[in-house]
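# Reading the structure
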Amino acid sequence: MGFIKRSTLRPRRRLLAWTLCLTLTVLCCLSPAAEATNVGTSLTVGIQSTKTTTISPLYPLERDMMSIYGLVYESLVTIDDDYLPAPGLAESWEMSSAGKTWTFHLRENVTFSDGTPLTANDVVATAQHILDRAQDEYADDKGYYRNLTYFISSISASDDYTVVVKSKRSYWGLLYAMTFPILPADRVQADNPPGTGAYVIENFMPGDYIYLRANPNWWQNQPKVQEITVICHTNDKDVIESYEYARVDTIFTRSIAAAQHKSGTASLALDYRTSQLETLQMNNDSWELTENVRKAIRYLVDPDKLASTVYMGMVNRTDTPLPSGTWMYNSSITFEKSLDKAIALLEEDGWYLSEGSTVRVKTNDNGDVKRLHLSFYVYEEPDNDVRVEAANMIADMLAVAGIEATPTTVTLTEMSERLSAGSFDLALVAYAMDVCPDPGFILIRGNTGNYCRYRSDNMTELCNTLRKQTTQADYQNVLYQIQQQFADDCPFLCLYYRAGAVLTRKMYTTARNVRELELLRGIELFHEE
């Protein structure tokens, strides 16, 4: 589909006017910078988008597009500034049957943008479509929200405003799974289906622009920002250039180049944490990588230095799989850097330096002298072109203590093959963490995400215990225990969550926690005073 035919004339005229004003705008951007101001009644946003050809909120193809979808479609449950479940289209809920049944009560008098009333049948139809597609063995794209199958065994409507969910386990984390967009029951597979959100996508030209206007049927107060024009770019470099030349008011970027704009007087920089957790995987099956050697590596690798010098501060540091600064994070866990302690652990394991040598050696059970050489693999990706630099710096940090690890750059496919086969010692690997704070997929013995071959009965039991908790307090307690076990065993190193920046000349949100995939969150709550 090349164009959504809905009131096509006005946006084209708007974009034509925008184009005619471009030269003047560029000249203005080169003059002395003015102070960034509060948002007016319109906003122009620059994003990276080349793959999206239809408006399909259940099958998003690009990160930036999900922030646009978030203005149009709403969910039963939202995640608040403290990263806790909060009412959305469901104004309340309760648990029964020891956490195996959850009942959600919908807000009344909510309509979709076309005026159709929202009912429980719409919620059930949307969820059932997600479940059916995720379980379809012939479907190539099982959908972004396919993890719903791990939480729900059935969903039904007991009346027009009550949704009953039978869960697969007694699990408080189910609330995080109820954040999928709700669509009309008869249009779950339609292009550009109506939503209940603050805005409507009135026009869309793939790879070119998206025009949104305020939804007159929205169930909350009308937002101050009545029009949002989204300009699509082919790459991050073009997005930043559009901002530099004032073609757009606001951009989203994970590029390190954004760091240079974060101190400008004409820009506001809203840092956001992504779901991408960067780790240094250590193969627990490798003969060299005993617990002592792994902990020695932890004493040597300095993530703070990597964050400041390689990533220019565009990361959020963490020492566990959970994001720091949140209710989930066990802040009592800290790791010091100490060359002396690293050397002591290596020598305790029998690794010593021969006179004049820079690499430690050890005699194995067969009497052979082995060098402490670790195979080290790293892969690059389009929006993380500094990972090789980080790997080289890590290798230098290890070399100080006599550990030899020369990074080898491979493709993502080659890295996946090596991780699956266990043919590596060290590897820089990123995980896309789920919205539900549950690190079990990378820690449970034998799980597909457990690349480092970590085997701990205690950890597996803790992760299974986490999935039986029905209150936030109990859930948090078990998460703390999981992180402590992780610290004790040191199966691999958590370095940081990648971060991005929203650069804007117009302050459009009061949200404390602007997050990836929800980067325009809060714009709908700006009202005329």
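Residues numbered from 1 in each chain as written. Predicted model: local features only at pLDDT ≥ 70, side-chain atom pairs only at ≥ 80, totals over all residues. Heavy atoms only, no water.

## Examining helix α14 (residues 472–489)
In this model, α14 (18 residues) spans 26 Å end to end at C-alpha, consistent with the 26 Å of a helix rising 1.5 Å per residue. Contacts made by the buried residues of α14 are with α7 (291–300), α12 (440–443), α13 (457–466) and β20 (492–504). Cys490 sits one or two positions beyond α14 and adopts a positive phi of about 50°. (Helix = DSSP H or I, 4+ residues; strand = E, 2+ residues; numbered from the N terminus. Expected span 1.5 Å × (residues − 1). Contact = heavy atoms within 4.5 Å.)

## Considering the packing of aromatic side chains
Within this structure, the stated rule accounts for 16 aromatic pairs. Judged by centre distance (5.9 Å) and plane angle (35°), the rings of Tyr171 and Tyr475 are tilted. Of this pair, Tyr171 sits in the loop between β8 (162–167) and α5 (174–177) while Tyr475 sits in helix α14, placing them 304 residues apart in sequence. Tyr475 shares its class with Tyr171; the two are buried. When the ring centre of Tyr497 is taken as reference, the NZ or CZ atom of Arg273 above it lies at 5.4 Å. A cation over an aromatic ring shows up here: Arg387 above the ring of Tyr379, its NZ or CZ 4.4 Å from the ring centre. (Phe/Tyr/Trp six-rings, centres within 6.5 Å; stacked < 30°, edge-to-face > 60°. Buried < 20%, exposed > 50% of the residue type's maximum accessible area, 1.4 Å probe, protein only. Lys NZ or Arg CZ within 6 Å of the ring centre and 35° of its normal.)

## Regarding the sheet that holds β8
Sheets are built from strands paired through backbone hydrogen bonds, the pairs being either parallel or antiparallel. Read across the sheet, four strands follow the order β5-β6-β8-β7 without closing on themselves; strand pairing throughout is antiparallel. Of all the strands in the sheet, the pair left with one neighbour each is β5 (90–96) and β7 (152–159). With direction set aside, neighbouring strand axes in the sheet form an average angle of 20°. Of the strand pairs in this sheet, β5 and strand β6 (residues 101–106) are connected by six bridges, and their pairing is antiparallel. Note on β6: the bridge partner recorded for Ala90 is Leu106. Those strands touched by helix α4 (residues 120–134) are β6, β7 and β8, and its axis lies near 165° from that of β7. (Pairing = 2+ DSSP bridges. Axes fitted to C-alpha atoms, helices over the stretch in contact; angles between N-to-C directions.)

## A few points about the environment of Val293
As for its placement among the helices and strands, Val293 is situated in helix α7. For the pair Val293 and Trp351, spaced 58 residues apart in the sequence, the C-alpha separation amounts to 9.4 Å.

## Some words on the side chain of Thr504
Following the sequence through the fold, Thr504 ends up in strand β20. One polar contact links Thr504 to Thr250, side chain to side chain, over a distance of 2.7 Å. (Polar contact = N/O pair within 3.5 Å; in protein donor to acceptor, adjacent residues only side chain to side chain.)

## Brief notes about the pattern of salt bridges
For the structure on display, the rule yields 21 salt bridges. Among the ionic pairs, Lys295 bridges to Glu291, the shortest N-O distance being 2.9 Å. Taken as a pair, Lys295 and Glu291 lie in helix α7 at a separation of four residues, close to a single helical turn. Given the relative accessible area of 38%, Glu291 is considered partly exposed. Between Arg360 and Glu347 there is a salt bridge, with the nearest N and O atoms lying 3.9 Å from each other. (Salt bridge = Lys/Arg side-chain N within 4 Å of Asp/Glu carboxyl O.)

## Here's the deal with the confidence of the model for the chain
When pLDDT is averaged along the chain, the result is 90, and 90% of the positions lie at 70 or above. In the predicted structure, residues 1–34 sits below a pLDDT of 50 and forms 56 contacts with residues beyond four places in sequence or in another chain. (pLDDT = per-residue confidence, 0-100.)

## Focus: the pairing of strand β17 (residues 376–379)
Alternating residues of β17 divide into Phe376 and Val378 and Tyr377 and Tyr379, and every residue in both groups is buried. Where β17 meets strand β18 (residues 407–410), four bridges bridge the pair, whose relative direction is parallel. If you follow Phe376 over to β18, its bridge partner there is Pro407. With three bridges joining them, β17 and strand β19 (residues 426–432) adopt parallel strand pairing. Within β19, the position partnered with Val378 by the bridge is Leu428.

## Looking at a negative patch on the surface
Residues Glu91, Glu108, Asp159 and Asp160 make up a contiguous surface patch of negative charge. Counting through the fold element by element, Asp160 comes out in the loop between β7 and β8. (Patch = residues over 30% accessible without salt bridge, like charges linked within 9 Å, V, L, I, M, F, W, Y side chains within 5 Å. Areas by Shrake-Rupley, 256 points an atom, 1.4 Å probe, with all protein chains shown as cover. Lys, Arg positive; Asp, Glu negative; His and termini not counted. Charge placed at Lys NZ, Arg CZ, Asp CG, Glu CD.)

## Some details on the packing of α7 against α14
Angle between the axes and distance between the axes are the two parameters that describe a pair of packed helices. Contact geometry for α7 and α14: axes closest at 9 Å, N-to-C directions at 105°. With respect to α14, the element α7 is oriented roughly perpendicular. Contact with α7, carried on its side by Glu291, Arg294, Lys295 and Arg298, involves Ala487, Asp488 and Asp489 of α14 and no other residues of that element. Partitioned by chemical class, the residues of the contact of α7 with α14 number one nonpolar, no polar and six charged. (Parallel < 35°, antiparallel > 145°, perpendicular 65-115°, else oblique. Nonpolar A, V, L, I, M, F, W, Y, C, P; charged D, E, K, R; others polar.)

## Things to note about the environment of Lys305
As for its placement among the helices and strands, Lys305 is situated in helix α8 (residues 303–309). It is 40 Å that separates the C-alpha atoms of Lys305 and Tyr209, two residues lying 96 residues apart in sequence. Non-local contacts of Lys305, meaning those with residues more than four positions away in its chain, are made with Val310, Met393 and Met397.

## Quick look at the pairing of strand β2 (residues 42–48)
Strand residues, when the strand is regular, have side chains that alternate between the two faces of the sheet. Counting buried residues along β2, five of its seven residues qualify, which places the element largely inside the surrounding structure. Bridging between β2 and strand β11 (residues 227–233) involves seven bridges; their strand directions are parallel. If you follow Thr44 over to β11, its bridge partner there is Thr229. Direction of pairing for β2 relative to strand β12 (residues 250–253): parallel, over a ladder of two bridges. Its bridge partner being in β12, Gly46 is matched across the sheet by Ile251.

## Quick notes on the side chain of Arg453
On the secondary structure map, Arg453 appears in the loop between α12 and α13. Notably, Arg453 is buried but unbridged: the nearest opposite-charge side chain belongs to Asp285, and the N-O separation is 4.5 Å. Polar side-chain contacts of Arg453 include one of 2.6 Å to the backbone oxygen of Leu419.

## Structural notes on the state of the cysteines
Here a disulfide denotes one covalent bond, and it connects the sulfur atoms of two cysteines. Under the defined criterion, the tally for this structure stands at zero disulfides. With no disulfide of its own, Cys436 lies closest to Cys463 among cysteine sulfurs, the gap being 12 Å. Free cysteine: Cys490, not disulfide-bonded; nearest cysteine sulfur from Cys452 at 9.6 Å. (Disulfide = S-S within 2.5 Å.)

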